[in-house]
Each structure stands twice: as C-alpha cells, then as structure tokens.
Amino acid sequence: MRFLTAGESHGPQLTTIIEGLPAHLGITAEAINAELKRRQGGYGRGRRMKIETDQVQILSGIRHGQTTGAPVALVVQNKDWKNWQDIMGAEPIDSSQEVKKQVTRPRPGHADLNGAIKYGHRDMRNILERSSARETTIRVAIGAVAKQFLSQFGIEIAGRVVEIGGVKDEHEYSSSIEDIRTVTEASPVRCMDKDAEQKMIAAIDEAKNNGDSLGGVVEVIVTGVPVGLGSHVHYDRKLDARIAMAVQSINAFKGVEFGIGFSAAHIPGSQVHDEIIWSEDKGFTRKTNRLGGFEGGMTTGMPIVVRGVMKPIPTLYKPLQSVDIETKEPFSASIERSDNCAVPAASVVCENVVAWEIAQAMMEKFPGDRMEEMKEAFEKYQEWAMNF
Ligand code: EPS
C-alpha cells in the first residue's frame, strides 16, 4: 500500500492517490472532512485558516461508500487559489510580464535557501510553496482513510499536546482513547490538563505579542494493536523506525521518542524494561509500558505511545537576520501572515501519519484483496497469539 501527494500551498489543490487498499472498506467523505476540520483548528493559528474550509473530493476508487480495490484519488481545493492564480498559474508567461510576489529573501529555519540552491531557483516561492505545512492537509485526508480501515480491527488512535513553549502537562493518564478524545476535543490547545491549558494559551498570546512563535511536544496513543506488527529481521521493517520517519517528516518536527524515550538515558535497565506477565484472559502482556508498545521493532500488543517535538514556526513577525540572494545585502524582514503556534494542529497531523504507518503494517501482516479476507486472517492470528 502506498501513496503520493502533490500540491502547493497557494496552488489550485492538494492531491493524493492511495494505492493498495482492500475492497469493501467503508469510507465516507464525512469522516475525512471531520478529520480535516480538526487539523484546521487550535489556538495560535493565523488568518489563512479563516479562508480555507477544507473539504475532500473523492474522485475514484470508492463507490457507494465502499472501496472497490482500485486506487483512491482524493483532492482538497485551496480556496485561497483564487487570489493567487496570476502568481501560481501553470501557463507560460512572456518575459515582459512581471512575476509578482517573488521571494529573494530566505527565511531562517525554512526550506527556502537550501531548496533554492539545490533546485536552482532564484525565486524561492518555487520552494516555499511546496515546503509549506499546507501539505499536511492531504496527509490528514490519507490518515483519515487509514483510521477508518484500522477501526475495522478495533485499532483506535488519539493525540494530545503535552507541551507548548515550555509549559508542560506532566500528568500521567490511564484514560481510555474515548476519554482522551473527549477532553482534547474540548481544549483549544488539545491538552488534557486544564491548568496547563490556560498557561499554554497565555504563552501563545505572549509570544504573539512579541512577534514570536512557539513549538511544543505532541503525543499519539494507539490501542488495540496486535502483537508482532513490524519485524526485527530487517532495519526497514521495524515499525517503530517507520513511525519515527513518518513523524519526523511532519513539517517543523525535530525529534521523536517512544514511551519514556530519551529519559531512558538517565535510569538503569531495571527501571526501563517492561516485565512480562501472563493470564488466561489476556495471554502475554507487560506489567508496564515504558517502551511505548515496541520491542525489537515489533508491537508488543501494549498501546503504542509516540511523541514528537515541533520547533517554533520559523515564519516570524519578529525579524531574524538573513541575506537577500540577489543583492547579498543583510536584511531583517517581517512576514505578514502566519500561524504563531501550530502545535495543536500538529497533534492531529501526527495521529494521522501514525495511522497510515500502522495501516500499512496491518496490510503487510494480514494481506488481502478484500476486507473480509483480512479480518479472517486477523481474527485467526489473534486467537493463535492468545493461546501461544
Ligand atoms: C505556512 C504558512 C501559512 C499557514 C500554512 C503553512 O500559510 P500562508 O502562507 O497562506 O499564510 O497558514 O498552513 C496552512 C495553509 C495549513 O493548511 O495548515 C507555511 O509557510 O508553512
């Protein structure tokens, strides 16, 4: 199972083709749109989100609410396109026409300069349009399909924000996925703790007033995962490694950890590893879940707990020093429109990229052309693992 995405931030649309989904999977545009809406919200977003109301169009591979087994093509239109047609149009322009909104001043922290040198563009709009986090819209649409697939196997996903700009929610939660969803859905920063939530909002306001931006940490929890997704036998079959790659690929993400993650560096092994227990009704499980649901690149059957850190958005109202690529003169530029914190939105993106990786691992473990075929193999395996 695979996908490709295409689309620029101010181009006509974002596009994907998902190939390899089994037939007879129920998919609705409504469920995809609900997920797209979640990504658009969150305290700290800028004015662009007031322009867009992301809605998916399903163009192939789904008929009467069910996958046929053919590639699924999805599109999300950019409403802002109507303001950018002259600037972003595909048609050739003659040399007398001036290209508007050219970018010759690379923003520190963005893809602008490296991309311009690599691809030989003197107008860095050719880079920033594609490197924009607008692309995460379509990855959420893909993840929304993956989530509908996973729910057929009882696999559920929730996300939460654990830190924004140094304000942390340090509580440990044993809440169900349903409870995490209910609480975070009602929080403007997708945080479980009300006290931390208020402090995060205040920190975002303060950063905004200072023309600054804030990053943070998001956590994704996945329950209902069978034992043995991924594999120890080869580096690129390790599912935690694949998830890490997917999370790291979200715009502005700088690091990934599972379970206690980087804290494992400070404590002895006896306080890190999860002891194995067995009971008649649950089979093999672990007493704790410090390793976040993975051993040897494979799922243990315990919930997957993955965290990602997002750097503060580099488009700043507060000018940072850079150099104009034409004049080679230093400059400090301010940018007109941006989010100043997108961590709550990124937690939704994170849920969805994780959903895709797990869906793909499920397809590998229980291959099938039809959902029924896959479900039979899954149930048989679950019974077998239980009686192991
Ligand atoms: C982004 C800059 C802003 C964000 C955008 C990501 O867009 P604009 O340049 O149009 O103001 O709003 O995020 C989205 C459009 C989105 O859908 O999340 C950037 O430079 O990465």
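Residues numbered from 1 in each chain as written. Predicted model: local features only at pLDDT ≥ 70, side-chain atom pairs only at ≥ 80, totals over all residues. Heavy atoms only, no water.

(A) Representation of the side chain of Arg-107 in the model. Tracing the backbone through its elements, the reader meets Arg-107 in the loop between α3 (85–88) and α4 (112–119). Overall, the relative accessible area of 16% leaves Arg-107 in the buried class. Within polar-contact distance, the side chain of Arg-107 engages the side chain of His-110 at 3.2 Å. Here Thr-315 takes part through its side chain, which lies 3.1 Å from a polar atom of the side chain of Arg-107. If we ignore the near neighbours within four places in the chain, the residues touching Arg-107 are Asp-112, Leu-128, Thr-315 and Ile-335. (Helix = DSSP H or I, 4+ residues; strand = E, 2+ residues; numbered from the N terminus. Buried < 20%, exposed > 50% of the residue type's maximum accessible area, 1.4 Å probe, protein only. Polar contact = N/O pair within 3.5 Å; in protein donor to acceptor, adjacent residues only side chain to side chain. Contact = heavy atoms within 4.5 Å.)

(B) Highlighting the UniProt feature "binding site: FMN" (unreviewed entry) in the protein chain. Here the UniProt-annotated "binding site: FMN" (unreviewed entry) positions come out as Arg-130, Ser-131, Ser-132, Asn-251, Ala-252, Gly-296, Lys-311, Pro-312, Ile-313, Pro-314, Thr-315 and Arg-337. Sequence-wise these annotated residues cover 208 residues; spatially they are dispersed, their C-alpha atoms as much as 44.7 Å apart. Polar side-chain contacts of Asn-251 include one of 3.4 Å to the backbone oxygen of Ser-132. Positionally, Lys-311 belongs in the loop between β15 (304–310) and β16 (320–323). Given the relative accessible area of 25%, Lys-311 is considered partly exposed. Lys-311 has contacts with Gly-109, Gly-215, Ala-252 and Lys-254, leaving out every residue within four places of it along the chain. (UniProt positions renumbered as here; feature names shortened; annotations may be inferred.)

(C) Structural detail: the pairing of strand β6 (residues 72–77). Within β6, 5 of the 6 residues are buried, which leaves the element mostly enclosed by the surrounding structure. Pairing geometry for strand β2 (residues 13–19) and β6, over 6 bridges, is antiparallel. By the bridge assignment for β6, Gln-13 is matched with Gln-77. Pairing between strand β3 (residues 56–60) and β6: 4 bridges, direction antiparallel. (Pairing = 2+ DSSP bridges.)

(D) Just the sheet that holds strand β10 (residues 253–258), in detail. Strand order in the open sheet made by the 5 strands is β8-β7-β9-β15-β10, with antiparallel pairing throughout. The sheet terminates laterally at β8 (167–168) and β10, the two strands that pair on one side only. One ladder, built from 2 bridges, connects strand β7 (residues 156–164) with β8; its direction is antiparallel. Counted as the bridge partner of Glu-163 is Lys-168 from β8. On top of the sheet, helix α10 (residues 343–365) reaches β7, β9 (216–223), β10 and β15; it is set at about 35° to β9, its chief contact. (Axes fitted to C-alpha atoms, helices over the stretch in contact; angles between N-to-C directions.)

(E) Structural context of the packing of helix α6 (residues 136–151) against α10. Put simply, α6 and α10 touch, their axes get as near as 7 Å, and they point 50° apart. Relative to α10, the element α6 is oriented oblique. You can see that α6 and α10 cross each other, and the crossing is left-handed. For the pair α6 and α10, the contacting residues are Thr-136, Arg-139, Val-140, Ile-142, Gly-143, Ala-144, Ala-146, Lys-147, Phe-149 and Leu-150 in the first and Val-349, Glu-351, Asn-352, Val-353, Ala-355, Trp-356, Ile-358, Ala-359, Met-362 and Met-363 in the second. Looking at side-chain class alone, the contact of α6 with α10 contains 14 nonpolar, 3 polar and 3 charged residues. (Parallel < 35°, antiparallel > 145°, perpendicular 65-115°, else oblique. Left-handed = near helix turned anticlockwise from the far one by under 90°. Nonpolar A, V, L, I, M, F, W, Y, C, P; charged D, E, K, R; others polar.)

(F) Expanded view of the site of the ligand. Close to the ligand lie His-10, Arg-39, Arg-45, Arg-48, Met-49, His-110, Ser-132, Ala-133, Arg-134, Thr-137, Arg-337 and Asp-339. In the model, an oxygen atom of the ligand is placed 3.2 Å from a nitrogen or oxygen of the Arg-45 side chain. For the ligand, an oxygen atom lies 2.8 Å from a polar atom in the side chain of Arg-134. Burial of the ligand by the protein chains amounts to 88% of its free accessible area of 470 Å². (Near = heavy atom within 4 Å. Areas by Shrake-Rupley, 256 points an atom, 1.4 Å probe, with all protein chains shown as cover.)

(G) Spotlight on the sheet that holds β3. Pairing is antiparallel in the open sheet, where 4 strands are placed in the order β1-β2-β6-β3. Looking at which strands have only one partner, the edges of the open sheet turn out to be β1 (2–6) and β3. If you compare each strand with its neighbour and ignore which way they point, the axes differ by 20° on average. Across the face of the sheet, helix α1 (residues 29–40) comes into contact with β3 and β6 while running at roughly 140° to β3. Where α6 meets the sheet, its contacts fall on β1, β2 and β6, and the angle it forms with β2 comes to roughly 35°.

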